[in-house]
Amino acid sequence: MTKKVTRIQIHGQPKFIPLQERHRSLTSYSPRTDLAMEAHDLARQGGRTVNGVDEYKESFDGIEVTRVKVRTKVAERRLGKRKGTYVTLDIPGLRRRDPDLQERVTRVFADELNRLLDVPENGSVLVIGLGNEHVTADALGPMVVTKLFVTRHLLEYMPEVLGNGQGYRSIAAVSPGVLGLTGIETSEIVRGIVERVKPDAVIAIDALASRSLSRVNATIQLTDSGIQPGAGVGNNRKSLDRETLGIPVIAVGVPTVVEAATIANDAIELVLNQLREQVPGNAATALFDQLSTGEKWHLVREVLDPMENNLVVTPKEVDDFMEDVAYVVAKGLNVALHPAMTMEDADLVTH
């Protein structure tokens, strides 16, 4: 029996590789994504099931909320995500400046954060703005920190200003920078602050990476599993989580970048779909139809990686978007962290 083969060309050298061998060689690749829902989708490709993972979906007027709970060590290894709860807000309209939608997102975000945050009303929270403020697509954390209503100093020195703390938690915030600028691991800086300030919980804000172009600048993820700064772009740093800090760590992130391989793969799929409609049964689509969606993506990445062309890219509108999403996230944090703060109050302090 003749084996099916696929023909590829890398560095100008044509190669014929049996599909079975190609499938085995591609399984070592893993698309870079910080989103648990995408990792779950990848793990379920081909109709497979992942035991130890629960997923629920809910919709709110233009906002789709997906809750993924990773319960076991086996599921943790399959998804590449730590045990915990991951809440994803999918908001396609977030890319457009829509004040009404931003208001709805703020409310849903605050509600979901309160579900994850186990801190009493008189407790204290340290907010960490991760990322490089000099790189727009990586500046979400520092931008959010500048818009927070911090109260630790007020409650310590002028508690009467805030009604002696009724309805206001003690909030401190800092942007520790990145290793390349400070020479210090972010986890070391945060651990030192935690030991001194002794908060009840940490909230870490960071820009993320997605494997789907449609989710870039259109998604917010919250998780109680902590965060590993830089993981989405292959620049792993030490984790910030309950194990390393000794207190609960909530991570909040927005995907702002995607790999060039994802964009190329999406473009190829569009071209192939046009060919299927205009020239049914053509040889090009017949060849690629033998490959799964994941195998096509891996093939594109395999071609780009050796030539160092698999860039991590961000949309050209990232400047305006970062301002908008930083406002939404900061406003949601202000409302969630301070029970006495109304949406109108949050509008005044989130600037």
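That block above? That's the structure.
Quick question: what am I supposed to make of the pattern of salt bridges here?
Once the charged atoms of two side chains with opposite charge are near each other, the side chains can pair. Considering all chains together, one arrives at 19 salt bridges under this definition. In this structure, the salt-bridge partner of Asp-241 is Arg-82, at a minimum N-O distance of 2.3 Å. Of this pair, Asp-241 sits in the loop between strand 9 (219–223) and helix 9 (242–245) while Arg-82 sits in the loop between helix 3 (73–79) and strand 5 (84–90), and the two are 159 residues apart along the sequence. Arg-82 gets classed as partly exposed once you look at its relative accessible area, which sits at 36%. In this structure, the salt-bridge partner of Lys-331 is Asp-347, at a minimum N-O distance of 2.6 Å. With Lys-331 in helix 13 (residues 318–337) and Asp-347 in helix 14 (residues 343–349), the pair connects residues that are 16 residues apart, well separated along the chain. According to the relative accessible area criterion, Lys-331 is buried, its value standing at 1%. With relative accessibility at 35%, the residue Asp-347 sits in the partly exposed group. Within this structure, Asp-41, Arg-44, Glu-55, Lys-57 and Glu-64 form a network of salt bridges that share partners.

How should I be thinking about the packing of helix 4 (residues 99–116) against helix 13 in this particular structure?
The relative placement of two packed helices is expressed as an angle between their axes plus a distance between the axes. Where helix 4 contacts helix 13, the two axes come as close as 8 Å, and the packing angle between them is 45 degrees. Relative to helix 13, the element helix 4 lies oblique. The handedness of the crossing between helix 4 and helix 13 is right-handed. Contact with helix 4, carried on its side by Gln-102, Glu-103, Val-105, Thr-106, Phe-109, Ala-110, Leu-113 and Asn-114, involves Asp-324, Tyr-327, Val-328, Val-329, Lys-331, Gly-332, Leu-333, Val-335 and Ala-336 of helix 13 and no other residues of that element. A breakdown of the residues in the contact of helix 4 with helix 13 according to their chemical character gives 10 nonpolar, four polar and three charged.

Would you mind going over the nonpolar core with me for this structure?
Inside soluble globular proteins, nonpolar side chains tend to come together where they are buried. Judged by nonpolar contacts, the single largest core of 54 residues is most densely connected at Leu-89, Ile-203, Ile-220 and Leu-333. Element by element, the count of residues in this core is highest for helix 13, at 12 residues. If near-sequence neighbours (up to four positions away) are discounted, Leu-333 is found in contact with Phe-109, Leu-113, Val-144, Leu-148, Ile-203 and Ile-205. Counting 14 residues, the second largest nonpolar core, distinct from the first, contains Leu-130, Ile-227, Leu-245 and Ile-247.

Just to check I follow, could you spell out the environment of Ile-193 for this structure?
In this fold, Ile-193 is placed in helix 8 (residues 186–197). As a C-alpha pair, Ile-193 and Val-174 span 19 residues in sequence and 9.3 Å in three-dimensional space. When near neighbours in sequence (up to four residues on either side) are disregarded, Ile-193 contacts Leu-126, Val-174 and Lys-198.

Even after reading the chapter, I still don't get the layout of surface pockets, so can you show me in this structure?
To find the voids left in a structure, one rolls a probe of water-molecule size over its atoms. Put simply, the second largest pocket is a space of about 370 Å³. As for the second largest pocket, its lining consists of 17 residues, of which Lys-83, Asp-224, Ser-225, Asp-241 and Arg-242 are closest to the centre. Listing elements by their share of the lining of the second largest pocket, those giving two or more residues are helix 3, helix 9 and strand 10 (249–259). Its residues assigned to classes, the lining of the second largest pocket shows six nonpolar, two polar and nine charged.

Teacher, can you tell me more about helix 4 here?
Two residues of an α-helix separated by three or four positions point the same way, owing to the 3.6 residues in each turn. A rise of 1.5 Å per residue sets the reference length of helix 4, with its 18 residues, at 26 Å; its end C-alpha atoms lie 26 Å apart and thus fit the reference within 8%. Where helix 4 begins, the side chain of Asp-98 points an oxygen toward the backbone nitrogen of Asp-100, at a separation of 3.1 Å.

About the criteria used
- Residues numbered from 1 in each chain as written.
- Predicted model: local features only at pLDDT ≥ 70, side-chain atom pairs only at ≥ 80, totals over all residues.
- Heavy atoms only, no water.
- Salt bridge = Lys/Arg side-chain N within 4 Å of Asp/Glu carboxyl O.
- Helix = DSSP H or I, 4+ residues; strand = E, 2+ residues; numbered from the N terminus.
- Buried < 20%, exposed > 50% of the residue type's maximum accessible area, 1.4 Å probe, protein only.
- Axes fitted to C-alpha atoms, helices over the stretch in contact; angles between N-to-C directions.
- Parallel < 35°, antiparallel > 145°, perpendicular 65-115°, else oblique.
- Left-handed = near helix turned anticlockwise from the far one by under 90°.
- Contact = heavy atoms within 4.5 Å.
- Nonpolar A, V, L, I, M, F, W, Y, C, P; charged D, E, K, R; others polar.
- Core = buried A, V, L, I, M, F, W, Y, C linked by side-chain atoms within 4.5 Å.
- 1 Å grid on protein atoms, 1.4 Å probe; cavity = no way out; pocket = protein on both sides within 12 Å on 5 of 7 lines; lining within 4 Å.
- Points joined across faces, edges and corners; volume = space filled by probe spheres on them.
- Expected span 1.5 Å × (residues − 1).
- Polar contact = N/O pair within 3.5 Å; in protein donor to acceptor, adjacent residues only side chain to side chain.

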